[in-house]
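# Descriptive structure summary
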Amino acid sequence: MTALYAVFGNPIAHSRSPRIHALFAAQTGADLRYEARLAPPDGLEAALAAFRAEGGVGANITVPFKFEAWRLCARRSAAAQLAQAVNTIGWDESGLWGDNTDGVGLVRDLARLLQTDPHRPLQHQRLLLLGAGGAASGVLGPLLAAGARSIALWNRSLDKAQTLAARHSALAAQHGADLQVVHTPPPHWADGVVNATAASLGGETLELADGVLHPNAWAYDMMYAAADTPFVAQAKAAGAQAWDGLGMLVEQAAQSYTLWHGESPDTAPVLATLRAELAAGKS
Ligand code: ATR
């Protein structure tokens, strides 16, 4: 019988997850259907209940429901617990379980781009993480676990950065990493700068002092687009090597796929297909 999966969000029409999971399924020969489902702003719980009654066996959760999904889960992975956000769910004998694959997705994409050891891809690196919302909270733990020497966390609203850092202080200590909140992003300091703010989404450019992005740094925007995002353009203009987040999208989907099916799809051809389709303007 064809297994039913979906991604829930609002808005959801332009989600690329159905395409990615269809490509994974074609690759592994899995018999599944994966749909994009719009849930009303206060209706995730009811939408999930209806989906399960229909035979749904697993789902991804995207903006704005990742915190709500975390709340609904009876069992959560360590990553989800630290992020307080869930992007992958399923059902088992104890009810709804949730995980967060965003951070794994980012770290795997960075390992590929930086061509570093996949087990400790960020070893010895000094990172500047911009933002403290849902996107940042999903990746901070995995960035620490990936071996970063030091992470400076900056957010427009300082209190949110402080809350996020406090929640991760034990993990930082466990990995021997220095985690600090900064009032202003430090110039000529970071080896890598990760943009987890929603600024690019609104077409806005972050106001960063000269030297925050610099020629010896790499820069990664968790957003993606057919053309350079404002942050990628800003980083390139400062001489940094810069990438958008399409690879992270594919990698987090692959990790969800592995959680559901126990099989790891080959992400490289899927990313190449997505990139080509994005450039050609296909949604
Ligand atoms: P997401 O799930 O995409 O992270 P979110 O939880 O609403 O969405 O968080 C958005 C993040 O982008 C926040 O860190 C926000 O900063 P504030 O906490 O100060 O609101 C940040 N952000 C959005 N627009 C921004 C802008 N123009 N400049 C700087 N930061 C911005």
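The preceding data block contains the structure.
The structure contained in this document is the topic of the report that follows.

### Overview of the overall build of the protein chain
When helices and strands are tallied, the protein chain shows eleven helices and twelve strands. Compactness check: the protein chain gives a C-alpha radius of gyration of 18 Å against a globular reference of 19 Å for 283 residues, within 12% of the reference. If one aligns the C-alpha atoms of the protein chain with their principal axes, the spans along those axes are about 55 × 40 × 35 Å. When each of the 283 residues of the protein chain is scored for burial, the buried share is 53%. Across the protein chain, every contact between residues at least 6 apart in sequence was considered, and the portion connecting residues at least 24 apart equals 69%. Each charge sign in the protein chain was given a centre, from 20 positive and 25 negative side chains, and these centres are 1 Å apart.

### A few points about the sheet that holds strand β3 (residues 56-61)
With mixed pairing, the six strands of this open sheet are ordered in space as β2-β1-β3-β5-β6-β4. Every other strand in the sheet has two partners, leaving β2 (32-38) and β4 (75-76) as the edge strands with one partner each. Where strand β5 (residues 88-92) and strand β6 (residues 95-99) come together, five bridges link them in antiparallel fashion. Bridge pairing in β6 links G90 to W97.

### A word on the packing of helix α1 (residues 17-28) against helix α10 (residues 246-261)
Interhelical geometry of α1 versus α10 gives an angle of 55° and a closest axis separation of 10 Å. The orientation of α1 with respect to α10, classified from their angle, is oblique. Between α1 and α10 lies a crossing of right-handed hand. Contact residues: I20, H21, F24, A25 and T28 in α1; L249, V250, A253, A254, S256, Y257 and W260 in α10. Here the contact of α1 with α10 is built from residues that sort into nine nonpolar, three polar and no charged.

Definitions and cut-offs
Residues numbered from 1 in each chain as written. Predicted model: local features only at pLDDT ≥ 70, side-chain atom pairs only at ≥ 80, totals over all residues. Heavy atoms only, no water. Helix = DSSP H or I, 4+ residues; strand = E, 2+ residues; numbered from the N terminus. Rg over C-alpha atoms; globule rule 2.2 N^0.38 Å. Buried < 20%, exposed > 50% of the residue type's maximum accessible area, 1.4 Å probe, protein only. Contact = heavy atoms within 4.5 Å. Lys, Arg positive; Asp, Glu negative; His and termini not counted. Charge placed at Lys NZ, Arg CZ, Asp CG, Glu CD. Pairing = 2+ DSSP bridges. Axes fitted to C-alpha atoms, helices over the stretch in contact; angles between N-to-C directions. Parallel < 35°, antiparallel > 145°, perpendicular 65-115°, else oblique. Left-handed = near helix turned anticlockwise from the far one by under 90°. Nonpolar A, V, L, I, M, F, W, Y, C, P; charged D, E, K, R; others polar.

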